[in-house]
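For reference, the chains in residue letters:
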Amino acid sequence: ERLDLLRDRLRTLREGLSPVVAREAALLVAEKAAGQLAARASDPDPAAFEAIGHAQMDLLAMALACDLTRVASLQFSSSTSAYIFGFLGCPVDHHELSHRADADLVAQKQLEAIHRWYAQQFGYLLGRMAALAESSGTLLDHSLVVWGNELGKGNTHSHTSVPFVLAGKAGGAL
């Protein structure tokens, strides 16, 4: 019964992939086959950035629910990301913004928008895990999910006050 439920959820996930995500995936497969993957820009089509992330988080949650793995990691972009969050009103790449002075209030507002967006993505993953029922609770109840950043402050490369968020109950340990 559980396997049937998980199979149905995987089918729904596969059928629900947006055309943008499907196009991006097909492009990656074609480039890999042609040996051109290394030449590709590291960031996906801006229209697909969130959709690809959601598809990856859906697959991650299903892999955990199916007990295919007990540990996973997800990273939207590199720590020196040149991704431009134009859809958030940020015309400068993330890495450049992170090096702007604290007195640059425009940059600070744009960084807040980016970090808020990442927090929403973390919330999406937690929601997906909370929606997967398990014997005595949910996948989230039986998991520990960590969201972090490698720096406490980007413009100084500080390693103090590094932010981490813990979610889940770790099977009752938290």
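Calculation notes
Residues numbered from 1 in each chain as written. Predicted model: local features only at pLDDT ≥ 70, side-chain atom pairs only at ≥ 80, totals over all residues. Heavy atoms only, no water. Salt bridge = Lys/Arg side-chain N within 4 Å of Asp/Glu carboxyl O. Helix = DSSP H or I, 4+ residues; strand = E, 2+ residues; numbered from the N terminus. Buried < 20%, exposed > 50% of the residue type's maximum accessible area, 1.4 Å probe, protein only. Phe/Tyr/Trp six-rings, centres within 6.5 Å; stacked < 30°, edge-to-face > 60°. Patch = residues over 30% accessible without salt bridge, like charges linked within 9 Å, V, L, I, M, F, W, Y side chains within 5 Å. Areas by Shrake-Rupley, 256 points an atom, 1.4 Å probe, with all protein chains shown as cover.

Student: Lay out the pattern of salt bridges with the relevant residues and their values.
Tutor: Per the stated rule, a full pass over the model turns up seven salt bridges. Here Arg-128 ties to Asp-58 by a salt bridge, and the two come within 2.9 Å at their closest N and O atoms. Residue Arg-128 is located in helix α5 (residues 105-130), and its partner Asp-58 is located in helix α3 (residues 49-65); the two are separated by 70 residues in the primary sequence. With relative accessibility at 37%, the residue Arg-128 sits in the partly exposed group. Taking the shortest distance from any N to any O, the salt bridge between Arg-70 and Asp-67 comes out at 3.2 Å. Looking at Arg-70, the relative accessible area reads 70%, which means it is exposed. Overall, Asp-67 belongs to the partly exposed group, its relative accessible area being 44%. Each of the salt bridges in this network shares a partner with another, and the network as a whole consists of Glu-96, Arg-100 and Asp-104.

Student: How would you summarise the packing of aromatic side chains if you had to cite specific residues and measurements?
Tutor: Scanning all chains against the criterion turns up 13 aromatic pairs. Consider the rings of Phe-76 and Trp-117, whose centres lie 5.3 Å apart with planes at 75 degrees: the pair is edge-to-face. Taken together, the positions of Phe-76 in the loop between α3 and α4 (94-98) and Trp-117 in helix α5 put the pair 41 residues apart, joining distant regions of the chain. The class for Trp-117 is buried, based on a relative accessible area of 3%. Their ring planes at 50 degrees and their centres at 5.8 Å tell us that Phe-85 and Phe-87 sit as a pair that is tilted. Residue class for Phe-87 comes out partly exposed when judged on its relative accessible area of 41%. Feature note: the residues Phe-49, Phe-76, Tyr-83, Phe-85, Phe-87, Trp-117 and Tyr-118 constitute an aromatic cluster, connected by ring pairs.

Student: Can you tell me about a nonpolar patch on the surface, naming the residues and giving the values?
Tutor: A cluster of nonpolar residues, Leu-144, Val-146, Phe-164, Leu-166 and Leu-174, forms a patch on the protein surface that exposes about 520 Å² of accessible area. Along the chain, Val-146 falls in strand β3 (residues 145-148). Assessed through its relative accessible area of 49%, Val-146 is described here as partly exposed.

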